[in-house]
Amino acid sequence: MSQFTIDDLKRIMRECAGEEEGAGLDGDIGEVPFEQLGYDSLALLETAARVGRELRVSLPDDLVAEVDTPAAFVAFVNGRFLAQTH
Amino acid sequence: MSRAVVTGVGVLAPTGVGAEAHWAATVAGRSAIGPISRFDAGTYPVRLAGEIADFDPRSHLPSRLIPQTDRMTQLALVATEWALADAELTVDDRRDFDFGVVTSASAGGFEFGQRELQKLWTEGPATVSAYMSFSWFYAVNTGQISIRHKLRGPASALVTDQAGGLDAVGHARRLVRDGTPAVITAGVDSSLCPMGLVSQLPSGQLSRRRDPATAYRPFGADASGSVVGEGGAVLIVEDAAAARRRGAPRVYGEISGYAATFDPPPGSGRESGLSRAAALALDQADVLPDDIDVVFADAAACPRADLAEAQALEKLFGPGGVPVTAPKSMTGRLGAGAGALDVATALLAMRAGVVPPTVNVGDLAPGHQIDLVTSPRRMPVRTVLVLARGQGGFNAAVVLRDGGGTDRLDTVRDEDPAR
């Protein structure tokens with residue numbers, strides 16, 4: 001994997017945290033706050049742990065406090081990932 | 001003093017998914033005890049259980065809730081939804097402090113807990129689910145029910161092993177009498193996983209027989225212990241006047257008495273507290289032993305405990321003085337689910353005018369002077385005593401009375417799939 005994409009994030013979130021009825025992860029949700037998508041901090045913690053395992057990259061716990069949208073999450077992960085692999 | 005009545009029932013039991021399916025199987029004496037299928041129990045000394053078949057939580061709950069819940073919570077959430085629908089009760093968000101929750105569990109979310117602990121040992125701490133932080137706690141069902149239905153009234157969780165289901169019903173009655181208009185009351189357990197089974201083996205109270213027809217024989221001459229089961233019931237307990245004001249569709253019955261006692265320490269020579277719990281509950285309900293139509297027994301199926309229960313009943317009612325039944329002979333012992341399910345079954349028995357049977361008893365143990373109901377008995381059921389005992393010396397008793405005196409509707413709506 002060279003780049004972590006929003007589709008990767010959606011897949012992992014569906015697997016480990018499920019999906020809110022009505023809100024959902026379909027479509028262009030990159031800039032929609034996690035809160036509006038129905039995810040709380042625990043769901044993000046769980047997601048971060050899964051992403052970290054899949055990419056073999058360590059993500060800090062305070063990631064949850066720093067990113068509030070899927071797009072920000074993806075950007076943060078890519079920043080980390082690229083920094084650690086190059 | 002306000003009266004606490006049951007206006008909604010949700011059942012998820014080995015005998016049936018939904019109250020009506022459960023009642024149909026129970027009154028027909030169809031046992032749900034069989035070989036454990038949820039994990040390979042082939043190397044364990046106990047291989048039978050009462051499992052709930054044909055229940056997929058994914059078809060009943062939002063996908064957000066699945067990864068964060070143990071099966072015992074999934075069962076409780078679904079049964080709560082059914083009980084609320086049955087009572088036609090919707091939470092008014094301007095009066096969310098008027099809705100309380102009391103749940104009871106004897107094990108917590110063991111299946112979830114075992115899975116995550118195994119990950120901790122084999123794959124490391126980073127692989128443990130963040131949801132482990134609450135999903136296996138005893139109190140988790142109270143939290144999840146409150147959050148899902150946005151309730152802000154009194155919330156509590158009771159842990160008294162198998163007595164817990166009745167203790168929760170008793171506490172709901174207390175909250176209603178203290179002024180909370182409606183209380184969701186759940187007694188649900190499910191720990192059909194290796195950790196759940198193994199933790200119960202040292203008690204020596206589980207039957208090691210392999211034949212479902214002879215494994216769990218309460219009050220039987222060759223009683224050899226009980227079988228574990230999963231599930232339970234959720235009851236909507238309301239203040240009678242508040243239920244009438246909002247136009248509740250029916251009143252199943254009144255929780256008219258409740259009492260709990262502790263046993264004296266082992267070896268003291270003093271008698272068990274069960275009889276005292278029953279007498280206190282009758283007192284609270286202001287009824288005499290003669291008024292009790294049937295007793296739903298704790299039914300441990302261990303010879304000494306059976307004798308103690310039979311003697312407690314004899315002391316109160318005289319030899320063979322009251323019909324006694326144990327429908328849990330069809331489900332196994334459900335932990336905290338037992339008392340809640342017995343209350344639900346007793347209320348359904350009132351509605352039908354039939355006492356459901358105790359199955360698989362074989363010959364009654366000599367010396368037990370009880371009128372054990374072993375085939376369905378058609379009779380008026382207006383006042384019921386329900387008993388439960390938990391390991392560690394817990395005794396609980398609940399007296400239920402039919403809904404006479406309120407605007408009781410006997411009709412059940414067939415079109416409601418939740419029941």
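As the structure is a prediction and not an experimental result, all values here were calculated from the model.

### Some remarks on the environment of A:C16
Positionally, A:C16 belongs in helix 1 (residues 6-17). Through-space distance from the C-alpha of A:C16 to that of A:L44 is 9.7 Å; in sequence the pair is 28 residues apart. Excluding anything up to four places from it in sequence, A:C16 contacts A:E46, A:T47, A:R50 and B:P67.

### A look at the packing of helix 6 (residues 164-177) of chain B against helix 11 (residues 336-352) of chain B
Residue and element names in this part refer to chain B. Between helix 6 and helix 11, the least distance of the axes is 5 Å, while the angle of their chain directions is 60°. Comparing their axes, helix 11 and helix 6 come out oblique. In this structure, helix 6 uses G164, G165, L166, A168 and V169 to contact helix 11, whose residues at the interface are A336, G337, A338, G339, A340 and V343. A breakdown of the residues in the contact of helix 6 with helix 11 according to their chemical character gives seven nonpolar, four polar and no charged.

### As for the environment of A:G38
Here A:G38 is to be found in the loop between helix 2 (34-37) and helix 3 (41-55). Assessed through the 18 C-beta atoms surrounding it within 10 Å, A:G38 is described here as partly exposed. Taking C-alpha positions, A:G38 is 9.8 Å from A:L25, a pair spaced 13 residues apart along the chain. Ignoring anything within four residues of it in the chain, the contact list for A:G38 reads A:E20, A:A23 and B:R64.

### Brief notes about unusual backbone geometry
Residues and elements named next belong to chain B. At K150, a residue that is not glycine, the phi angle is positive and equals roughly 55°. In this model, D161 sits at a positive phi of 50°, which is unusual for a non-glycine residue. Note that D161 resides in the loop between strand 6 (155-158) and helix 6. Judged by the 23 C-beta atoms lying within 10 Å of it, D161 is buried.

### Topic: the sheet that holds strand 8 (residues 228-229) of chain B
Residues and elements named next belong to chain B. Taking strand neighbours across the sheet as the criterion, the three strands line up as 3-4-8 in an open arrangement whose pairing is mixed. In the strand order of this sheet, the two ends are held by strand 3 (33-35) and strand 8, each with one partner. Pairing of strand 3 with strand 4 (residues 48-50) involves three bridges; the strand directions are antiparallel. The partner of G34 across the bridge, within strand 4, is A49.

### Some points on the confidence of the model for chain B
Residue and element names in this part refer to chain B. Averaged over chain B, the pLDDT score is 94; the fraction of residues at 70 or greater is 96%. Predicted confidence is poor over residues 405-419, with pLDDT under 50, and the contacts of this stretch with residues over four places away or in other chains come to 21 contacts. This prediction of the complex comes with two scores: 0.94 for pTM and 0.87 for ipTM.

### Structural notes on the interface of chain A and chain B
Residue-level contacts link 13 residues of chain A with eleven residues of chain B. Of all the secondary structure elements, the ones that give two or more residues to the side of chain A that touches chain B are helix 1 and helix 3 of chain A. Classifying every residue of the side of chain A that touches chain B by side-chain character gives five nonpolar, three polar and five charged.

### A closer look at the pairing of strand 1 (residues 4-13) of chain B
Each regular strand shows side chains that alternate between the opposite faces of the sheet. Residue and element names in this part refer to chain B. Burial analysis of strand 1 places ten of its ten residues in the buried class, the great majority of the element. Across eight bridges, the pairing between strand 1 and strand 9 (residues 231-239) is antiparallel. Across the sheet, residue L12 finds its bridge partner in strand 9, namely G232. Direction of pairing for strand 1 relative to strand 10 (residues 253-262): antiparallel, over a ladder of two bridges. From the neighbouring strand, V6 faces strand 10, where its bridge partner is G253. When strand 1 meets strand 2 (residues 16-17), the two strands line up antiparallel, connected through two bridges. Paired with A13 across the bridge in strand 2 is G16. Between strand 1 and strand 2, which pair antiparallel in sequence order, lie two residues.

Reading the values: the criteria
Residues numbered from 1 in each chain as written. Chains lettered and ligands numbered in written order. Predicted model: local features only at pLDDT ≥ 70, side-chain atom pairs only at ≥ 80, totals over all residues. Helix = DSSP H or I, 4+ residues; strand = E, 2+ residues; numbered from the N terminus. Contact = placed C-beta atoms within 7 Å. Axes fitted to C-alpha atoms, helices over the stretch in contact; angles between N-to-C directions. Parallel < 35°, antiparallel > 145°, perpendicular 65-115°, else oblique. Nonpolar A, V, L, I, M, F, W, Y, C, P; charged D, E, K, R; others polar. Buried ≥ 20, exposed ≤ 12 C-beta atoms within 10 Å, placed from the backbone. Pairing = 2+ DSSP bridges. pLDDT = per-residue confidence, 0-100.

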